[in-house]
Amino acid sequence: MSADTQDTNIQANKERFCQLLRATERENIDYVIEDLEALGFFTAPASVRNHFNFPGGLVQHSLNVYDAAMAVRRQMCELRPSLADELPEASIAIAALLHDVCKADLYTMVNRKRKNEIGMWEDVKEYQIGYENFPMGHGEKSVIMLLRSGLDLEDAEALAIRWHMGPWELNSASIDQDRNYRAAQAFSPLVPLIHTADTLAASLLERDQTP
């Protein structure tokens, strides 16, 4: 993909991301967007070597999680209409689009030496990850960053963002953490929905995709 095409995709994703957030009509949402811009959220990758490890991968992944969450919501509400009231579209937008803001300041591009297919050393550019800026964990870091930006998260939204990794982030030695996770799932269906959407996005929508 050419640099111009990549820049176009990043800009298009940024515009859709901001439009969806502003449609929630949440107070201070523009401050959130400004802070994400300053942190490099819109040009950051979603990972170092796994899914969407290219510039703009993080915002594209966030949109994929939103699309997956909305698709699951539609299907589940057909099977159980009462879920519509428990899964407001604005809350899905907030939790899905903002679940990974913790990654905005993690990645930097560096030059490395690597052997190519014929055994010759060559210069390559790749991402490295560092946690020194704000080592506050993963989902909990996203929640704190959003609160710092002035976003008044509803409890269900905060819990969905905090626990979007589901059981994969649980410390098996912590009874307290396990009980909190189970209580969060019982508190709102938004919690399992966002975890499910994140898994579907990374494992299915982004399977074998490159920029």
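Above this text you will find the structure in question.
Remember, predicted model here, so these are calculated numbers, not experimental data.

Undergrad: Requested: an account of the overall build of the protein chain, with residues and values cited.
TA: Within the protein chain, the secondary structure is distributed over nine helices and two strands. Across the protein chain, helices and strands are ordered from the amino to the carboxyl terminus as α-α-α-α-α-β-β-α-α-α-α. For the protein chain, the C-alpha radius of gyration of 18 Å lies close to 17 Å, the compact-globule estimate for 211 residues. Counting all 211 residues of the protein chain, 46% fall into the buried class. When the accessible surface of the protein chain is summed, it comes to about 11,700 Å², and 49% of that surface belongs to carbon and sulfur atoms.

Undergrad: Which residues make up the pairing of strand β1 (residues 107-115), and what are the values?
TA: Where β1 lies against strand β2 (residues 121-129), nine bridges are found, and the strand directions are antiparallel. The partner of R112 across the bridge, within β2, is V124. Counted along the chain from β1 to the antiparallel partner β2, the turn is five residues long, and its residue G119 has a positive phi close to 85°.

Undergrad: Please set out the packing of helix α6 (residues 139-148) against helix α7 (residues 155-162) residue by residue, giving values where relevant.
TA: Remark: α6 packs on α7, axes separated minimally by 7 Å, with the N-to-C direction vectors making an angle of 140°. The angle between the axes of α6 and α7 places the two elements in the oblique class. Counted together, G139, E140, S142, V143 and L146 of α6 and A158, I161 and R162 of α7 form the full contact between these two elements. Considered class by class, the residues forming the contact of α6 with α7 number four nonpolar, two polar and two charged.

Undergrad: Mind laying out the packing of aromatic side chains, listing which residues take part and the relevant values?
TA: Counted under the stated rule, the structure contains six aromatic pairs. Aromatic pair F17 and F42: ring centres 5.5 Å apart, planes at 85°, arrangement edge-to-face. Here F17 is found in helix α1 (residues 3-23), whereas its partner F42 is found in the loop between α2 (29-39) and α3 (57-79), with 25 residues between them in sequence. Taken as a pair, F17 and F42 share a single burial class, namely buried. Each ring, one from F41 and one from F42, has its centre 5.3 Å from the other, and the planes form 90°; the classification is edge-to-face. On the accessibility criterion, F42 (2% relative accessible area) is buried. Through successive ring pairs, a cluster of aromatic residues spans F17, F41 and F42. In this arrangement the basic side chain of K14 is found over the ring face of F42, its NZ or CZ atom lying 5.3 Å from the centre. The ring of F134 is capped by R148, whose NZ or CZ atom sits 4.5 Å from the centre of that ring.

Calculation criteria
Residues numbered from 1 in each chain as written. Predicted model: local features only at pLDDT ≥ 70, side-chain atom pairs only at ≥ 80, totals over all residues. Heavy atoms only, no water. Helix = DSSP H or I, 4+ residues; strand = E, 2+ residues; numbered from the N terminus. Rg over C-alpha atoms; globule rule 2.2 N^0.38 Å. Buried < 20%, exposed > 50% of the residue type's maximum accessible area, 1.4 Å probe, protein only. Areas by Shrake-Rupley, 256 points an atom, 1.4 Å probe, with all protein chains shown as cover. Pairing = 2+ DSSP bridges. Axes fitted to C-alpha atoms, helices over the stretch in contact; angles between N-to-C directions. Parallel < 35°, antiparallel > 145°, perpendicular 65-115°, else oblique. Contact = heavy atoms within 4.5 Å. Nonpolar A, V, L, I, M, F, W, Y, C, P; charged D, E, K, R; others polar. Phe/Tyr/Trp six-rings, centres within 6.5 Å; stacked < 30°, edge-to-face > 60°. Lys NZ or Arg CZ within 6 Å of the ring centre and 35° of its normal.

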